Amino acid sequence: MQRREFFRLTIAILVIMILSACSQNPATSDWKSFTIEEAPGFDIQFQVPPDWETNYTLPMETALGQWKVTLTPPRCSSGQTAEYEEDCITLTAYIKGEAEFEENEVLALVSDNIPISAEEQAESILMGQNIFDVNGLKLQRFDHKIYSSAGEMQMSIVFFQTDSAYYLIMADFPYDERDDETAKEFQMILSSIQVLE
């Protein structure tokens, strides 16, 4: 009887070890955590690659309750000549009860072709949208194709909310590089978002 109990205990420990090993992503093990500790309403954190730069601006009087975070990879595209000269990912947090944010209007705008220039009557083309869960949060992603003088671009807009804030993330990549390394790292950043307790 004791032998059987010991065997079951050993199997249970092995299963727990295997599951915990599978839950760690070795590709992000050296990434750093980012949050804004001095912003009480900014209630998320996420992982950022060690060679990326992060910066944020304090809310201004004209944008009360808005925290803007820029995420700068070494290169946003293969055509970029110098490292860290482009900010291709921006996260804006709209703290509830402080910032103005119309969720329905924003979602209606990003879930269709978006006017880019009134003079040229140009607009983005909505290429796809999906909803996915990340650590208990519902993220909505909208991918748009934009034609510009610099070439075709993909603009990805990601929206989600917590009890404390609305979050809007915008990322721009060359359309033919939308699945390259930097874009994959962006997706891994999204997958690491979690609400702080």
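Whatever comes next refers back to the structure up there.
Residues numbered from 1 in each chain as written. Predicted model: local features only at pLDDT ≥ 70, side-chain atom pairs only at ≥ 80, totals over all residues. Heavy atoms only, no water.

1. Structural notes on the side chain of Gln47
Mapped onto the elements of the fold, Gln47 is located in strand β2 (residues 44-48). Gln47 sits in the buried class, given a relative accessible area of 18%. A polar contact of 2.7 Å, which involves the side chain of Gln47, links it to the side chain of Ser33. Setting aside its immediate chain neighbours within four residues, Gln47 contacts Trp31, Lys32, Ser33, Ile189 and Ser192. (Helix = DSSP H or I, 4+ residues; strand = E, 2+ residues; numbered from the N terminus. Buried < 20%, exposed > 50% of the residue type's maximum accessible area, 1.4 Å probe, protein only. Polar contact = N/O pair within 3.5 Å; in protein donor to acceptor, adjacent residues only side chain to side chain. Contact = heavy atoms within 4.5 Å.)

2. As for the sheet that holds β2
Think of a sheet as strands paired side by side through backbone hydrogen bonds, with each pair either parallel or antiparallel. The strand order β1-β2-β12 describes an open sheet built from three strands, whose pairing is antiparallel. Pairing within the sheet leaves two strands with one partner each, and these edge strands are β1 (32-34) and β12 (194-195). Pairing between β1 and β2: three bridges, direction antiparallel. Among the inter-strand pairings, Ser33 is bridged to a residue of β2, identified as Gln47. (Pairing = 2+ DSSP bridges.)

3. Overview of helix α2 (residues 103-110)
Listed as buried for α2 are Val106, Leu107 and Val110. With its buried residues spanning 95 degrees around the axis, α2 presents them on a single face. Exposed residues lying more than 90 degrees from the buried face of α2 are Asn104 and Glu105. Summarising the contacts, the buried residues of α2 are in contact with β8 (125-134), β9 (137-148), β10 (151-161) and β11 (165-174). (Arc of directions from axis to C-beta.)

4. Regarding unusual backbone geometry
One non-glycine residue, Tyr84, lies in positive phi territory at about 60 degrees. Position of Tyr84 relative to the elements: it lies in the loop between β4 (66-72) and β5 (89-95). The phi dihedral of Asn135 falls on the positive side, at around 50 degrees, and the residue is not glycine. Structurally, Asn135 can be placed in the loop between β8 and β9. Under the relative-accessibility criterion, Asn135 is labelled exposed at 52%.

5. Observations concerning the packing of aromatic side chains
The final tally for this structure, using the stated rule, is eleven aromatic pairs. Each ring, one from Phe34 and one from Tyr56, has its centre 6.3 Å from the other, and the planes form 65 degrees; the classification is edge-to-face. Here Phe34, found in strand β1, pairs with Tyr56, found in strand β3 (residues 53-57); they are 22 residues apart in sequence, far enough to count as distant. Phe34 sits in the buried class, given a relative accessible area of 8%. Taking the relative accessible area as the measure of exposure, Tyr56 reaches 27% and is therefore partly exposed. (Phe/Tyr/Trp six-rings, centres within 6.5 Å; stacked < 30°, edge-to-face > 60°.)

6. Observations concerning the pattern of salt bridges
All told, the structure shown has two salt bridges when counted by the stated rule. Asp143 is the partner of Arg141 in a salt bridge, and the nearest nitrogen-oxygen pair spans 3.0 Å. Of the two residues, Arg141 and Asp143, neither departs from the other in class, the shared state being buried. A salt bridge links Glu152 to Lys145, with the shortest nitrogen-to-oxygen separation between them at 3.5 Å. On the basis of relative accessible area, Lys145 is assigned to the buried category, the value being 12%. (Salt bridge = Lys/Arg side-chain N within 4 Å of Asp/Glu carboxyl O.)

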